[in-house]
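Structural characterization, general
One letter stands for each residue in the lines below.
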Amino acid sequence: MSIESISLSGRKKLVSNKEMNFWERMYLIAIVKGLIITIQHLFRRKVTIQYPEQVRTMSPVYRGQHQLKRDEQGRENCTACGLCALSCPAEAITMKAAERRADEKHLYREEKYAEIYEINMLRCIFCGLCEEACPKDAIYLTTSKVLVPSSYEREDFIYGKDKLVMPLDIAMKNAQLKNVK
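Residues numbered from 1 in each chain as written. Predicted model: local features only at pLDDT ≥ 70, side-chain atom pairs only at ≥ 80, totals over all residues. Heavy atoms only, no water.

**Looking at the UniProt feature "binding site: [4Fe-4S] cluster 1" (unreviewed entry) in the protein chain**
Here the UniProt-annotated "binding site: [4Fe-4S] cluster 1" (unreviewed entry) positions come out as C78, C81, C84 and C134. These annotated residues cover 57 residues of sequence, and their C-alpha atoms all fall within 10.3 Å of one another, placing them together at a single site. Turning to its location among the elements, C84 is positioned in helix 3 (residues 83-87). When its relative accessible area of 6% is taken as the criterion, C84 is described as buried. With residues near it in sequence (within four places) discarded, C84 still touches I93, M95, Y117 and C130. (UniProt positions renumbered as here; feature names shortened; annotations may be inferred. Helix = DSSP H or I, 4+ residues; strand = E, 2+ residues; numbered from the N terminus. Buried < 20%, exposed > 50% of the residue type's maximum accessible area, 1.4 Å probe, protein only. Contact = heavy atoms within 4.5 Å.)

**Some thoughts on the UniProt feature "transmembrane region" (unreviewed entry) in the protein chain**
With numbering aligned to this structure, UniProt lists the feature "transmembrane region" (unreviewed entry) at residues 26-43. In this annotation, residues 26-43 is assigned 89% helix and 0% strand; the end-to-end C-alpha distance for the span is 29 Å.

**Section: the environment of A90**
Here A90 is to be found in the loop between helix 3 and strand 2 (93-99). For A90 and L122, which are 32 residues apart along the polypeptide, the C-alpha to C-alpha distance reads 9.8 Å. A90 has contacts with R123 and I125, leaving out every residue within four places of it along the chain.

**Brief notes about the side chain of R100**
Among the secondary structure elements, R100 is positioned in the loop between strand 2 and strand 3 (112-120). Here E110 takes part through its backbone oxygen, which lies 3.5 Å from a polar atom of the side chain of R100. Those residues in contact with R100, other than ones at most four positions away along the chain, are K105, Y108, R109, E110, E111 and Y113. (Polar contact = N/O pair within 3.5 Å; in protein donor to acceptor, adjacent residues only side chain to side chain.)

And the structure:
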């Protein structure tokens, strides 16, 4: 068996170097086909949305900006297990674990917490695998339409805990909504 006959994917095609005829060398048929496609697009309905007046409906599986959850007492759910960083195909998540001190019981649920938790938004592909891998349900992708604001500096795209942790007032509202139900 020669190397030329091996095909791992099974989609190997043989290419022939046959001589082109006069019409193929002139490329007239290809040009006419391209013009036909262009003329067809001229008569199709436009898909432009007039943004401030019309809002596009988002897909039900839309994934927005990341957020680290807090529990009903305002403590962070993340225990720095690292499963979200392992499941990230773009390797956008980095974290550093630390031990909770006695005076930090009101901040963190477990003895171990994420001292540094960063997501590089330039690398993130918003796939949601970090959300699925988290056993403590600490990270989730919001339905917010605000993703990542533009900037000229790379450091502005690395989101730390200051931008990722859920604000305390929202966590308290969520706890009240759970208690009402």
